[in-house]
Amino acid sequence: MEKPTFGIRSEYSQEIVAWLKKKEKDIREYKVQSPQIHRRRHLVDWTCAVAEKLNLTKCSVHLAIRIMDYFMDGHDIKDPQLYLVCLGSLLLASKVEEKDSNVPKCSEMNTFAKNIFALSDFKMLELVILKYFNWNIFLPTACHFVEMWLPDSIYPSDYRGPPQYFSDAKTFFLKYVQYFMDLSMQDSSLVDVLPSLVAAAIIAASRNAFGLTPTWNIHLELMTGGWWLFLLH
């Protein structure tokens, strides 16, 4: 989301969204059974802070939190290994989402934990996490859907201000989107909600907070397949 392209869609956007929607339904059940669930908010904030210092993308962070949530849900993890799981999740997510040149090294990740882990711990944890997810760690997140729908999220016809300020309006609108995306990661009640539905809620909340009318435009209705009607109910 660092360089959004409002109003410009790939010719394959609808096919990608359809694939993401199919993929999100295959995610394992989230049972809310981690003994460390009460630590989640702190761990999310800490992981986000690490990712920001590493200049990782929003999608890397969202995927890392998703990996962390589901892995913690199936394990009893004590300190300081909780932080190793956060770092390991972020490392794996970056390998999925980032360019190779931007994937952090294990030694760099370890500095955020004051180098208390052996570098071999990162490799071992990666293997454990990959096996837990049956080697499939591409889990659709709200960020993936938001990125696909962002080009349709604001049009000149939605904006009621002076036309010459529309470019600035798009920049400010993106800040609303990013704000609600961050909130969605922090809220544990949204972990088991379909990412596409969370993404639709993020865009709707952003448009409403920014004063765009209608709250859901025709372009979003076509791209999302009617999620707005679901949100209304």
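Up top you'll find the structure we're talking about.
In this report, the structure presented in the accompanying data block is examined. (Residues numbered from 1 in each chain as written. Predicted model: local features only at pLDDT ≥ 70, side-chain atom pairs only at ≥ 80, totals over all residues. Heavy atoms only, no water.)

**Focus on the nonpolar core**
Within the largest apolar cluster, 43 residues are counted, with the highest numbers of intra-cluster contacts made by Ile67, Met68, Phe71, Leu90 and Phe133. When residues of this core are assigned to their parent elements, the largest contribution, 10 residues, is made by helix 4 (residues 81-97). Ignoring anything within four residues of it in the chain, the contact list for Leu90 reads Thr47, Val50, Ala51, Leu54, Leu56, Ser60, Val61, Ala64 and Met109. (Core = buried A, V, L, I, M, F, W, Y, C linked by side-chain atoms within 4.5 Å. Buried < 20%, exposed > 50% of the residue type's maximum accessible area, 1.4 Å probe, protein only. Helix = DSSP H or I, 4+ residues; strand = E, 2+ residues; numbered from the N terminus. Contact = heavy atoms within 4.5 Å.)

**Considering the environment of Val193**
Along the chain, the position of Val193 falls in the loop between helix 8 (166-186) and helix 9 (195-210). It is 33 Å that separates the C-alpha atoms of Val193 and Glu108, two residues lying 85 residues apart in sequence. Setting aside chain neighbours within four positions, we find Val193 in contact with Arg66 and Val198.

**Details of the packing of aromatic side chains**
Here the distance between the centres and the angle between the planes together describe a pair of aromatic rings. This model, assessed by the stated rule, comprises 11 aromatic pairs. A ring pair is formed by Tyr132 and Phe133, whose centres lie 5.3 Å apart and whose planes are at 85°; its orientation type is edge-to-face. Ring geometry for Tyr159 against Phe166: centres 5.8 Å apart, planes inclined by 50°, an arrangement best described as tilted. Looking at Arg28, its charged tip hangs above the ring of Tyr132, at a distance of 4.2 Å from the centre. (Phe/Tyr/Trp six-rings, centres within 6.5 Å; stacked < 30°, edge-to-face > 60°. Lys NZ or Arg CZ within 6 Å of the ring centre and 35° of its normal.)

**Considerations on helix 1 (residues 13-24)**
Taking 1.5 Å of rise per residue, 12 residues should cover 16 Å, and helix 1 covers 16 Å from first to last C-alpha, within 8% of that figure. For helix 1, the complete set of buried residues consists of Ser13, Val17, Leu20, Lys23 and Glu24. Buried positions in helix 1, seen along its axis, are confined to an arc of 125° and lie on one side of it. (Expected span 1.5 Å × (residues − 1). Arc of directions from axis to C-beta.)

**A short note on the pattern of salt bridges**
What the rule picks out here adds up to seven salt bridges. In this structure, Asp69 and Arg40 form a salt bridge, with 2.8 Å as the shortest nitrogen-oxygen distance. Here the residue Asp69 occupies a position in helix 3 (residues 58-73), and Arg40 occupies one in helix 2 (residues 40-53), the gap between them amounting to 29 residues. On the basis of relative accessible area, Asp69 is assigned to the buried category, the value being 6%. For the salt bridge of Lys58 with Asp182, the shortest nitrogen-to-oxygen distance reads 2.9 Å. In this pair, Lys58 sits in helix 3 while Asp182 sits in helix 8, placing the two residues 124 residues apart along the sequence. A residue is classified by how much of its surface remains accessible, and Asp182, at 28% relative accessible area, is partly exposed. (Salt bridge = Lys/Arg side-chain N within 4 Å of Asp/Glu carboxyl O.)

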